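# Geometric and topological summary
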Amino acid sequence: MSLTKDEWLALEKKAHELRNLCLDTTYWAGSGHIGGGMSCMDILTILYHKYLNIKKDDPDWADRDRFILSKGHAGIAYAPVLCDYGYNDKEQLKTFNLTNSKMGIHLDSNKVVGVDASTGSLGHGLPIAAGTALAARVLKKSYMTYCLTGDGELDEGSNWEAAMTINHYNLNNLITFVDRNHNMIDGNTEDVMKLEPLADKFTSFGFDVKKVDGQNIKELCDAVDYALASPRPVLILADTAKGAGIKMMENNYKWHYGAIDDKLYEECKKDLEEYYQKRVERVEREAK
Amino acid sequence: MAGGFVYTAVESTEMSTAEYYGNTLAELGREHPEIVALTADLANSTKIGIFQKEFPDRFFNVGIAEQNMFGVAAGMAKAGCVPFLSTFSVFASLRCADQLHTDICYQNVNAKIIATHAGTSFGQAGSTHHAIVDFAVTRAMPNLTVICPADGVETANAVRAAYELNGPVYIRINRGFDRVLYADPDYGFEIGKAVELHEGTDITVIATGSCAFQALQAANFLENADGLKVRVLNMHTLKPLDKDAVLKAIMDTRRIVTVEDHNIIGGLGSAVAEVMAEAGKGCGFTRLGLKDTFAPIGLHEDIMSMLGIDSNGIIAAVRDVMGKDFELDDNWDDEV
């Protein structure tokens, strides 16, 4: 069912809150992978607030949908989502990265409630997601698995090994997102190691590829609705901006990881507010 | 033993070590529907294919893609399956070491890696297919239990015990047929407990894998030829190591020889040396294995002989250690 205007506005509001919480967490931690966190926040928002069939009071529910964050360094965005959802105490975010905290840069599935896989070493998430999707078949369960990879990490060959498996077993109970923010630690993905034509690559590996604006909640939701009804495994290639919502970070590879001081924090807050207003205006313009 | 599959010496002459594994896994599969099996194009070579024949819907061949296989298995384990993974030991421990470390061990998932073609047992394939550092790699991985059975019967015991243990387990078994050490499976196999194969008070030979049979042969020979009482321990579990058995050997026999089909760095010899050094007890000591070299190409038996990890090599090492005065300091009065 198509996204209603009210639903869209509610998701925009939630995404705005979560972007702010991600910024706060980066500020509390002193620094973090905020660029790649912001680029995927819309994807995380629609998953945790529209699609994932999960239970707040039963995080280990065997029939729950699974979410594998392959780009594990986006923990600075994922931890706020999991705390805001209610799996973990929000106060924990103030300990992010501190010695003996349960939460560090890469979230530990045995320590942070709601994390389905301990990721961080890149190129690991998609194989694990293929595994949870295959297990659903063996255990005769109807849950969905969602996986979010970065784009830079697609240089790792293990992703393409997993892609072959997903195609071979026609794992249409797995929906893969690629956060195509075009940047990695050392620069633009096309300068470091060419990924394009990326959609063609995934198509040739057997995916039904949907290209969307990854900062457009409506487009993302339409793509997930399409994927849920598809007889084939769908990959949602989400075109995004690193550091989305914060002007000086946007599309700047140097903000893969960075530190936020008091002055910068205020600037970022202002930017996020402006960004939210523009997003709401778009909803008013485009929603039917 | 649970189940009805009891192996005999007759079957040992007819079944390779990997066939014991495949049959045991199929038997476990009948009892436990959550068991799944994965391989990377080595269903037949590793004998995990025996499970495949009976449970095709619970078997997944991911192609020649070990990293993917370990990730997929971790995901399946996280979702409630108990995956058994099989490929050659050299690939299981090296090609996908990152996935073993992070997806399997760090997440502490209930996955069982049954790695075949261990040590130099695929001798003719050369060093690309010899697993001579897998003990070093797997021993250093937290949460992982590391087992090296001596023969087919012990493999069956180890595979069953691995299922019973909740957590990741690495078992390395040889290609082909092992010399039969156990005619009867009921000798009290227990993970982390060495098995005394031969009593002795003069020296202890601690062996693992197919070297255990060789050590027992050496002990029998030395008893007759030299009148030596050689204690032989089958150290089938590399981690957790049976420290008590090592300390007892130091106290009782004051001389130890370790034997393994592996580099002497990081394997059984290193593990025993660590226990000895931490105990602060000196002891005559020699490690047999690959002396930090790659192995030649050849039949496994020939390679074992060339490396000195067969009975002749063990006999020579025992005589050497017996002939050495390791107590160089006469006034060393704080010893055991």
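The following paragraphs examine the structure supplied in this document. In this text, all values refer to a predicted model and were calculated from it rather than measured experimentally. (Residues numbered from 1 in each chain as written. Chains lettered and ligands numbered in written order. Predicted model: local features only at pLDDT ≥ 70, side-chain atom pairs only at ≥ 80, totals over all residues. Heavy atoms only, no water.)

### A closer look at the overall build of chain B
When its secondary structure is counted, chain B shows 14 helices and 12 strands. In terms of C-alpha radius of gyration, chain B reaches 20 Å, essentially the compact-globule figure of 20 Å for 336 residues. Its C-alpha atoms put chain B at 65 × 40 × 40 Å along the principal axes. Burial analysis of chain B (336 residues in total) assigns 63% to the buried set. Across chain B, contacts joining residues at least 24 apart in sequence account for 77% of those joining residues at least 6 apart. Per element, the accessible surface of chain B, about 12,500 Å² overall, is 51% carbon and sulfur. For chain B, the distance from the average position of its 25 positive side-chain charges to the average position of its 44 negative side-chain charges is 2 Å. (Helix = DSSP H or I, 4+ residues; strand = E, 2+ residues; numbered from the N terminus. Rg over C-alpha atoms; globule rule 2.2 N^0.38 Å. Buried < 20%, exposed > 50% of the residue type's maximum accessible area, 1.4 Å probe, protein only. Contact = heavy atoms within 4.5 Å. Areas by Shrake-Rupley, 256 points an atom, 1.4 Å probe, with all protein chains shown as cover. Lys, Arg positive; Asp, Glu negative; His and termini not counted. Charge placed at Lys NZ, Arg CZ, Asp CG, Glu CD.)

### Topic: the environment of K211 of chain A
All names here are of chain A. Tracing the backbone shows K211 in strand β7 (residues 208-213). Take K211: its relative accessible area is 63%, and that puts it in the exposed class. With 14 residues separating them along the chain, K211 and P197 place their C-alpha atoms 12 Å apart.

### Concerning the interface of chain B and chain A
The interface of chain B with chain A comprises 27 residues on the first partner and 24 residues on the second. Carbon and sulfur atoms supply 56% of the area buried between chain B and chain A, which totals about 2,000 Å² over both sides. Taken together, chain B and chain A are joined by 0 salt bridges. Taken together, the links from chain B to chain A amount to 12 residue pairs in polar contact (both at pLDDT 80 or more). Residue assignment for the side of chain B that touches chain A shows that the elements contributing at least two residues are β2 (59-61), α5 (66-78) and α7 (97-106) of chain B. At 9 residues, the largest contribution of residues to the side of chain B that touches chain A is made by α5 of chain B. A per-class count over the side of chain B that touches chain A returns 11 nonpolar, 10 polar and 6 charged. (Buried area = accessible area lost by both parts, 1.4 Å probe. Salt bridge = Lys/Arg side-chain N within 4 Å of Asp/Glu carboxyl O. Polar contact = N/O pair within 3.5 Å; in protein donor to acceptor, adjacent residues only side chain to side chain. Nonpolar A, V, L, I, M, F, W, Y, C, P; charged D, E, K, R; others polar.)

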